[in-house]
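Listed below are the residues making up each chain.
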Amino acid sequence: MSNKVPFAIKETENCPKCGARLVIRNGAHGPFYACSSYPDCHYLRPLKTQGDEHIVKELEGQICPKCGFTLVLRQGRYGMFISCGHYPECGHTELIDKPDDTSINCPQCQQGKLLQRKSRFGKIFHSCSRYPECQFALNNKPISGECEFCHYPLLIEKRTSQGIKLVCASKLCSKQQPTEIEKNNE
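Residues numbered from 1 in each chain as written. Predicted model: local features only at pLDDT ≥ 70, side-chain atom pairs only at ≥ 80, totals over all residues. Heavy atoms only, no water.

Any aromatic ring pair is given by two values, namely how distant the centres are and how the planes are angled relative to each other. Scanning the entire structure with this criterion turns up one aromatic pair. When the ring of Phe 81 is compared with that of Tyr 87, the centres are 5.8 Å apart and the planes differ by 70°; the resulting orientation is edge-to-face. On the accessibility criterion, Phe 81 (13% relative accessible area) is buried. Residue class for Tyr 87 comes out partly exposed when judged on its relative accessible area of 24%. Cation over ring: Lys 175 sits above Phe 149, and NZ or CZ is 5.1 Å from the ring centre. (Phe/Tyr/Trp six-rings, centres within 6.5 Å; stacked < 30°, edge-to-face > 60°. Buried < 20%, exposed > 50% of the residue type's maximum accessible area, 1.4 Å probe, protein only. Lys NZ or Arg CZ within 6 Å of the ring centre and 35° of its normal.)

Right, dumping it as structure tokens:
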């Protein structure tokens, strides 16, 4: 991987602390301005002056329920979201993609429903709607049903080389459930 910056800035700036020339350096989080008299001066500044979340579009006719200002569509660190025009002062945010409700009761707390969600890396998982009170989560697709061995009230769908198998969702059991063909042979 190249350490060169793929663009050149013709203007030269001086360090506000010591007056030396600022140079462009490359770091783990991208390019930045640094003082050329380093290590005597430790001044640095990000190359991009843009904030974390920038406004993509103003949503006409939609009003913030907290403060009454217009809602806007923003591009953030983890994707698009809707927020108040006075974000972060107001703090009202909404998700664009609402989590899918599986209508399966949470086996841990028996009060919430399991929702399909996305991690910050884009992987799909299922968790209880009462989070953070209930922290039940699954990485596989939940299937309503009861384990024939331990009678746990939830099964999960696992993909194997032999096809899709139903397995007990309890970490203590985790046994594969017999298929209809295996039940008929007994």
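This brings us to the sheet that holds strand β14 (residues 163–168). A sheet is described by the order of its strands in space; here three strands give the open sequence β12-β13-β14, paired in antiparallel fashion. Here the strands that pair on one side only, and so sit at the sheet edges, are β12 (141–144) and β14. In this sheet, neighbouring strand axes are inclined to one another by 40° on average, regardless of whether the strands run parallel or antiparallel. Note that β12 and strand β13 (residues 154–160) share four bridges and pair antiparallel. Across the sheet, the residue bridging to Ile 143 is Leu 155, located in β13. (Pairing = 2+ DSSP bridges. Helix = DSSP H or I, 4+ residues; strand = E, 2+ residues; numbered from the N terminus. Axes fitted to C-alpha atoms, helices over the stretch in contact; angles between N-to-C directions.)

It is worth spelling out the environment of Leu 73 at this point. Among the structural elements, Leu 73 can be located in strand β5 (residues 70–76). Leave out the neighbours within four places in its chain, and Leu 73 touches His 54, Ile 55, Val 56, Lys 57, Leu 59, Met 80, Phe 81, Ile 82 and Ile 96. (Contact = heavy atoms within 4.5 Å.)

Time to look at the UniProt feature "domain: DNA topoisomerase type IA zn finger" (unreviewed entry) in the chain. UniProt records the feature "domain: DNA topoisomerase type IA zn finger" (unreviewed entry) for residues 13–49, 62–98 and 105–142 in the present numbering. Structurally, residues 105–142 comprises 0% helix and 42% strand, and the distance from its first C-alpha atom to its last is 10 Å. (UniProt positions renumbered as here; feature names shortened; annotations may be inferred.)

Right, let's talk about the environment of Cys 35 for a bit. Within the secondary structure layout, Cys 35 lies in strand β2 (residues 30–35). The spatial distance from the C-alpha of Cys 35 to the C-alpha of Lys 17 is 9.0 Å, given a sequence separation of 18 residues. Excluding its chain neighbours within four sequence positions, the residues that come into contact with Cys 35 are Cys 15, Cys 18, Ala 20, Arg 21, Leu 22, Cys 41 and Tyr 43.

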